[in-house]
Amino acid sequence: MDAAGLFDELPGDTSGEFAAACSRASAALTQMRELAALADMCQADALLAQFDEASTVGREVDLVVARLGRGIERRSEDAPAGGLARRCGHRSTADLMAARRGSTRAEAFRLLGVGRLLEDAENAAAIDELDNGDTDTPNPHPDGAPNPDPDGAPNPDPDGDPDPDGGGDPDGDGEPDPDEATPDPTPTPTPPPPRHPHVAAALAAGDLSVEAASQITVMLDALDGVVDPQVLSDAEEVLVGKAHGLAADRLARIIRQWRARLDPEGHERELTRMRTSRMLRIYDNRAGMTVITGQLDPETAAPIRTALDALVGDDMRRSHDAIGTDTRTTDQMRADALARLARHGLACTATDLPLASVTMVVRIDEASLRDRVGHADLDGSPIPLDPATLRRMAADADIIPAVLGTHGEVLDWGRARRLFTKAQRLALTERDGGCAFCGAPPAWTEVHHIRWWGRDTGPTDLANGILLCRHCHHTIHTQHWDIHATPTSVHFTPPATIDPTRTPRLGGRARFHAPRSHTPQPTHPTHPTQPAEPTKPPRPPDQ
């Protein structure tokens, strides 16, 4: 589709200028496509830089479309005969945008939401400029002399009297004429604050995608009037910061966690709704394949996901150790894992499943445990659980409660087994949440030394341990990343070949999960250490 004709039916005096701008942008994009076809000839650093630059351009184009969509929406709201959208044969602005772009109504709604946000920010900025007196009145005197008439009109009285008709001070006594009232200055309207200033600023700077902005604003709007405005503003600022460099699905998980904590009563209602909506359907299709489809609430899904992740992680490790012998995809491994679980259940004496080291942990902060309010996180669940669900699951012998302090440090562990290495792994899972580098599930990870066991005589203790998946461990080792860990956070410092400034990057649970409190995480470590090295767990103490 020709970019210049994308919204060619929009009326307005700037249509010619906009068409010319689109033509120039289209020519630039054509050149970018030609250069992108030569990507195989670029060095790796240049290729990544070009990808980032093109992504920024794409976000800018999305903002243009979003703002134009808002213009269409305004011309379609409460207008005779349904306005612009109906005149074009569509029931709504979203339908019009989806049809013209060849996209979905859901994407159109996201763009419209961003367009409204941009409009609010533009209106606030325009009124603020007027309030600050940025508009200057021209002076008709070419020599730069001051103009005695405040309305900018020339003074026709040759003797310099600012009131040629005798008004103002007709008696010449220096006092104004009481019969001539001084008009009150026109009050400057108070600029309405943008609904979501942090999101608007990130959008304007090109640091936030439309998808991420929509996810954040939808949550904030849903909690408007339910949560204290300052708390929402703090949440907005943190979420905008976390969105940078995160995929949309990972950001969505963090937003769900945050919403559950900000609105516990609403979250409990949502958990009840999900519980009543759980279902699983199994049927055979015409090709003879068995199709399994369904949806599970967090409480039901958590043990299933935890067990499947453990089996798939074990298969991945075996595949890595014997490259080329296992050609299954991750989905095929998961299907086989489900069958293994079923066979294990039918023959409960079987001992061939690698589940002995797998445990579900329910983690809750000390204040919530004491006051019996708040929420708890459960391994295998993308959202927190309410206290009622936690009490139901507390009787399960295969679930370990972890009591956390105000800064997320582990205060107390429940007991399941006396194996020291398992307790170490559980404690590291509380800090790292899985692979500390990429956020993979805990079952896909292994415990590694930060300071090497052999070369650096690094101890096998919690302060020197980190959870990494096989792929990320290999990346950190070969690229020479540095790691700095504290009891509550972990940072990765890239080598100069990747980032010349060597700016530390937050990892672990603090990066890939919503915070348990509003305590800020440190922005950088002070003493980076060496890349992680794998190690065998120490022998457990005598029973």
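Residues numbered from 1 in each chain as written. Predicted model: local features only at pLDDT ≥ 70, side-chain atom pairs only at ≥ 80, totals over all residues. Heavy atoms only, no water.

In the annotation of an unreviewed UniProt entry, the entry for the protein chain reads DUF222 domain-containing protein, and the organism field reads Demequina lignilytica.

*Asks:* I would appreciate a short explanation of the overall build of the protein chain in the present structure.
*Replies:* The secondary structure content of the protein chain amounts to 17 helices and twelve strands. Within the protein chain, the fraction of its 543 residues that count as buried is 33%. A total of about 32,400 Å² of accessible surface is found on the protein chain, and carbon and sulfur atoms cover 55% of it. (Helix = DSSP H or I, 4+ residues; strand = E, 2+ residues; numbered from the N terminus. Buried < 20%, exposed > 50% of the residue type's maximum accessible area, 1.4 Å probe, protein only. Areas by Shrake-Rupley, 256 points an atom, 1.4 Å probe, with all protein chains shown as cover.)

*Asks:* What's the story with the packing of aromatic side chains in this structure? I'm lost.
*Replies:* Any aromatic ring pair is given by two values, namely how distant the centres are and how the planes are angled relative to each other. For the structure shown, the criterion picks out two aromatic pairs. Taking 5.0 Å as the distance between ring centres and 85° as the angle between the ring planes, the aromatic pair formed by Phe437 and Trp481 counts as edge-to-face. In this pair, Phe437 sits in the loop between helix 15 (420-432) and strand 7 (445-449) while Trp481 sits in the loop between helix 16 (470-479) and strand 9 (482-485), placing the two residues 44 residues apart along the sequence. With relative accessibility at 4%, the residue Trp481 sits in the buried group. Centre to centre, the rings of Phe437 and Phe492 are 4.9 Å apart; their planes meet at 85°, and the pair counts as edge-to-face. Pair noted here: Phe437 is in the loop between helix 15 and strand 7 and Phe492 is in strand 10 (residues 490-493), with a separation of 55 residues, a long-range link. (Phe/Tyr/Trp six-rings, centres within 6.5 Å; stacked < 30°, edge-to-face > 60°.)

*Asks:* How should I be thinking about helix 8 (residues 229-243) in this particular structure?
*Replies:* With 15 residues, helix 8 should reach 21 Å at 1.5 Å per residue; the first-to-last C-alpha distance of 21 Å fits that figure. Taken together, the buried positions of helix 8 are occupied by Leu232, Ala235, Glu236, Leu239, Val240, Lys242 and Ala243. Viewed along the axis of helix 8, the buried residues span an arc of 160°, placing them on a single side of the element. Residues of helix 8 that are buried sit in contact with helix 6 (197-204), helix 7 (210-222), helix 9 (248-262) and helix 17 (509-512). Where helix 8 starts, the residue carrying a side-chain oxygen 3.0 Å from the main-chain nitrogen of Gln230 turns out to be Asp228. (Expected span 1.5 Å × (residues − 1). Arc of directions from axis to C-beta. Contact = heavy atoms within 4.5 Å. Polar contact = N/O pair within 3.5 Å; in protein donor to acceptor, adjacent residues only side chain to side chain.)

*Asks:* Help me understand the packing of helix 7 against helix 9 in this model?
*Replies:* Packed helix pairs are characterised by how far apart their axes lie and by the angle those axes make with each other. Interaxial distance between helix 7 and helix 9 falls to 10 Å at its minimum, and their mutual angle equals 10°. Accordingly, the angle class assigned to the pair helix 7 and helix 9 is roughly parallel. Between helix 7 and helix 9, the contacting residues are Glu211, Ala212, Gln215, Ile216, Met219 and Ala222 on the first element and Ala248, Leu251, Ala252, Ile255, Trp258, Arg259 and Leu262 on the second. Classifying every residue of the contact of helix 7 with helix 9 gives ten nonpolar, one polar and two charged. (Axes fitted to C-alpha atoms, helices over the stretch in contact; angles between N-to-C directions. Parallel < 35°, antiparallel > 145°, perpendicular 65-115°, else oblique. Nonpolar A, V, L, I, M, F, W, Y, C, P; charged D, E, K, R; others polar.)

*Asks:* Any chance you could explain the confidence of the model for the protein chain here in plain terms?
*Replies:* Interpretation of the predicted coordinates at a detailed level should be avoided for regions scoring low in pLDDT. With 66% of its residues at a pLDDT of at least 70, the protein chain reaches an overall mean of 75. By mean pLDDT, the top-scoring element of the protein chain is strand 2 (residues 290-295) (94), and the lowest-scoring one is strand 12 (residues 533-534) (48). Low confidence marks residues 140-146, where pLDDT is under 50. Its contacts with residues over four positions away, or in another chain, come to eight contacts. Confidence drops under pLDDT 50 across residues 413-420; counting only partners more than four residues distant or on other chains, this segment forms 18 contacts. (pLDDT = per-residue confidence, 0-100.)

*Asks:* Sorry, what's going on with the pattern of salt bridges here?
*Replies:* For side chains of opposite charge, pairing can occur when their charged atoms come near one another. If you walk through the whole model with that rule in mind, you get 22 salt bridges. Here Arg74 makes a salt bridge to Glu119, at a shortest N to O gap of 3.2 Å. You can see Arg74 sitting in helix 2 (residues 44-76) and its partner Glu119 sitting in helix 5 (residues 105-131), a full 45 residues away along the chain. Looking at Arg74, the relative accessible area reads 48%, which means it is partly exposed. Judged by relative accessible area, which is 7%, Glu119 ranks as buried. Between Arg340 and Asp315 there is a salt bridge whose closest N-O contact spans 3.5 Å. (Salt bridge = Lys/Arg side-chain N within 4 Å of Asp/Glu carboxyl O.)

*Asks:* So what exactly am I meant to see when it comes to the sheet that holds strand 11 (residues 505-507) here?
*Replies:* What links the strands of a sheet is backbone hydrogen bonding, and the strands pair in either a parallel or an antiparallel sense. Here we have three strands laid out as an open sheet, ordered 9-10-11, and antiparallel in their pairing. The open sheet has two free edges, formed respectively by strand 9 and strand 11, since each of these has just one partner strand. On average, adjacent strands in this sheet sit at an angle of 30° to one another, irrespective of strand direction. (Pairing = 2+ DSSP bridges.)

*Asks:* Quick question: what am I supposed to make of the side chain of Arg70 here?
*Replies:* Positionally, Arg70 belongs in helix 2. At 2.7 Å, the side chain of Arg70 and the side chain of Glu73 are in polar contact. The contact partners of Arg70, leaving out residues within four places of it in the chain, are Glu77, Leu112, Gly115, Arg116 and Glu119.

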